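# Remarks on the overall topology
What follows is the residue order along each chain.
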Amino acid sequence: MSSIEITKDTYLQWYESMLLMRKFEEKAGQLYGQQKIRGFCHLYIGQEAVVAGAMSVLRPEDSMITAYRDHAHALAKGMSANSIMAELYGKATGCSKGKGGSMHMFSKEHKFFGGHGIVGGQIPLGAGIAFAEKYLGTDNVCVCYMGDGAVRQGSLNETFNMAMIWKLPVIFVCENNGYAMGTSVARTTNMEDIYKIGLGFDMPSEPVDGMDPVAVHNAMDAAVQRARAGEGPSFLEIRTYRYKGHSMSDPAKYRTKEELERYKAKDPIGVVKHAIVENNYADEAWFEEIDKKVKAIVEESVKFAEESPWPDPSELYKDVYVQEDYPFIRS
């Protein structure tokens, strides 16, 4: 059982936050098709419960770092839809000043440290953020997300070992959507239970139903409690499913339509809506109000992005080094 009670307000917040993630991503996909958004674009549709269930446990001062499927994480961490959409457009008002795009969201204010395009590159960085928190004497934690493909990186093993030795306050989360970039887990490993990787380091590790925010909340709460108490890291394999391809350019022909429909029947937004209705937490008028609110936020973000300026060419030489007059930057 969780130490943080799941209440009516928890369910209502889950529904609203997941609906915002879903509607934002659907709009991003539409805009990508219109070539308003360029480059890469990896949608999170179907996986919303993974981050929503975590946020009902975490504090604002806790850090988060993830891979390139990062729009929903940024929204959940409190970053505005305007700043995220502007970043997708490559505009100067974006959260990374238009320089990062879809894969490199960032906000120091919200303790969201990316958005990383290198597969598995965020894993040692997540441990480093946790090391900093321990060094500073806080009880803050860092949640480090990765995909099922990233666990094949050698840096994961080195990071897990160091995190256990130093008892770092980090929760490693594998968002296992089953297909990495397009190859099923069954074809890439003899051991399909990814959470067992952590057991080799004596790290508390377990599988979690990623289509259910309640299961995510409870597992994350236990891991966060251990981290705050100085007991070190945990590894959660949160089993989820993405309804879209790996990126907008992926037709996802490696899976059947029947499989996709099977997972859509367990859609986390539908699961939470059902629980809200069953428990009489809200009526249909509330759902209509939230739907209208979310649509307005998304539409406003598009308007903001459309009307925002492009970065000035001089920005190319800024934010490269901390030292502003670094002598080896040449215009």
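For the structure itself, consult the block above.
This text gives an overview of the structure that appears in the document.

## Re helix α9 (residues 213-228)
- With 16 residues, α9 extends 22 Å from end C-alpha to end C-alpha; this agrees with the ideal 22 Å at 1.5 Å per step.
- Of the residues making up α9, those classed as buried are Pro-213, Val-216, His-217, Ala-219, Met-220, Asp-221, Ala-223, Val-224, Ala-227 and Arg-228.
- Two or three places before Val-214, at the opening of α9, Asp-212 has a side-chain oxygen 3.0 Å from that residue's backbone nitrogen.
- Positive phi appears at Gly-230, one or two residues downstream of α9, with a value of about 85 degrees.

## Some points on the packing of aromatic side chains
- Overall, the coordinates contain 15 aromatic pairs when judged by the stated rule.
- Consider the rings of Phe-106 and Phe-113, whose centres lie 5.7 Å apart with planes at 65 degrees: the pair is edge-to-face.
- Measuring from centroid to centroid gives 3.9 Å for Tyr-321 and Tyr-326, while their planes differ by 20 degrees, and the two rings are stacked.
- A residue is classified by how much of its surface remains accessible, and Tyr-321, at 43% relative accessible area, is partly exposed.
- Here the aromatic cluster, defined as three or more aromatic residues joined through ring pairs, consists of Phe-160, Phe-172, Phe-201 and Phe-235.
- Lying over the aromatic face of Phe-287, Lys-273 brings its terminal NZ or CZ to 4.8 Å of the ring centre.

## Some words on the side chain of Asp-267
- Mapped onto the secondary structure, Asp-267 falls in the loop between α10 (257-264) and α11 (268-278).
- You can call Asp-267 buried: its relative accessible area is 14%.
- There is a polar contact of 2.9 Å between the side chain of Asp-267 and the side chain of Tyr-243.

## Remarks on unusual backbone geometry
- Note the cis peptide between Gly-114 and Gly-115, where omega equals 25 degrees.
- Tracing the chain through its elements places Gly-115 in the loop between α4 (81-89) and α5 (122-136).
- Unusually for a residue other than glycine, Lys-111 sits at a positive phi of about 55 degrees.
- Mapped onto the fold, Lys-111 is located in the loop between α4 and α5.
- Positive phi values are uncommon outside glycine, yet Asp-202 reaches one of about 60 degrees.
- Structurally, Asp-202 is set in the loop between α8 (196-199) and β4 (205-209).
- Judged by relative accessible area, Asp-202 falls into the exposed class, the value being 67%.

## Details of α11
- Every buried residue belonging to α11 is among Pro-268, Ile-269, Val-272, Ala-275 and Ile-276, and all of these are buried. Viewed along the axis of α11, the buried residues span an arc of 130 degrees, placing them on a single side of the element. Turned more than 90 degrees off the buried face of α11, the exposed positions are His-274 and Glu-278.
- Looking one or two residues past α11, Asn-280 carries a phi angle of roughly 55 degrees, positive in sign.

## Focus: the state of the cysteines
- What the rule picks out here adds up to zero disulfides.
- Just so you know, Cys-174 is unpaired, no disulfide at all, and the nearest cysteine sulfur is the one on Cys-144, 11 Å from it.
- Among the residues examined, Cys-174 registers a relative accessible area of 0% and is labelled buried.

## Focus: the packing of α5 against helix α6 (residues 154-165)
- Interaxial distance between α5 and α6 falls to 8 Å at its minimum, and their mutual angle equals 20 degrees. Taken together, the axis directions place α5 and α6 in an arrangement best described as roughly parallel. As for the relative orientation of α5 and α6, their crossing is left-handed in sense. Taken together, the residues of α6 that come into contact with α5 (itself represented by Ile-123, Pro-124 and Ala-127) are Ser-155, Leu-156 and Thr-159.
- Here the residues of the contact of α5 with α6 sort into four nonpolar, two polar and no charged.

## Things to note about the pairing of strand β5 (residues 234-239)
- Where burial is concerned, most of β5 is hidden: five out of the six residues are buried.
- As paired strands, strand β3 (residues 170-176) and β5 are joined by six bridges and run parallel to one another. Paired with Ile-171 across the two strands is Ser-234, which belongs to β5.
- Inspection of the sheet shows β4 paired to β5 by five bridges, in the parallel sense. Each bridged residue has a counterpart across the sheet, and for Asp-209 the counterpart in β5 is Arg-239.
- On the question of chirality, the crossover connecting β4 to the parallel β5 by way of α9 is right-handed.

Rules used in this analysis
Residues numbered from 1 in each chain as written. Predicted model: local features only at pLDDT ≥ 70, side-chain atom pairs only at ≥ 80, totals over all residues. Heavy atoms only, no water. Helix = DSSP H or I, 4+ residues; strand = E, 2+ residues; numbered from the N terminus. Expected span 1.5 Å × (residues − 1). Buried < 20%, exposed > 50% of the residue type's maximum accessible area, 1.4 Å probe, protein only. Polar contact = N/O pair within 3.5 Å; in protein donor to acceptor, adjacent residues only side chain to side chain. Phe/Tyr/Trp six-rings, centres within 6.5 Å; stacked < 30°, edge-to-face > 60°. Lys NZ or Arg CZ within 6 Å of the ring centre and 35° of its normal. Arc of directions from axis to C-beta. Disulfide = S-S within 2.5 Å. Axes fitted to C-alpha atoms, helices over the stretch in contact; angles between N-to-C directions. Parallel < 35°, antiparallel > 145°, perpendicular 65-115°, else oblique. Left-handed = near helix turned anticlockwise from the far one by under 90°. Contact = heavy atoms within 4.5 Å. Nonpolar A, V, L, I, M, F, W, Y, C, P; charged D, E, K, R; others polar. Pairing = 2+ DSSP bridges. Right-handed = clockwise from strand over helix to strand, strands pointing away.

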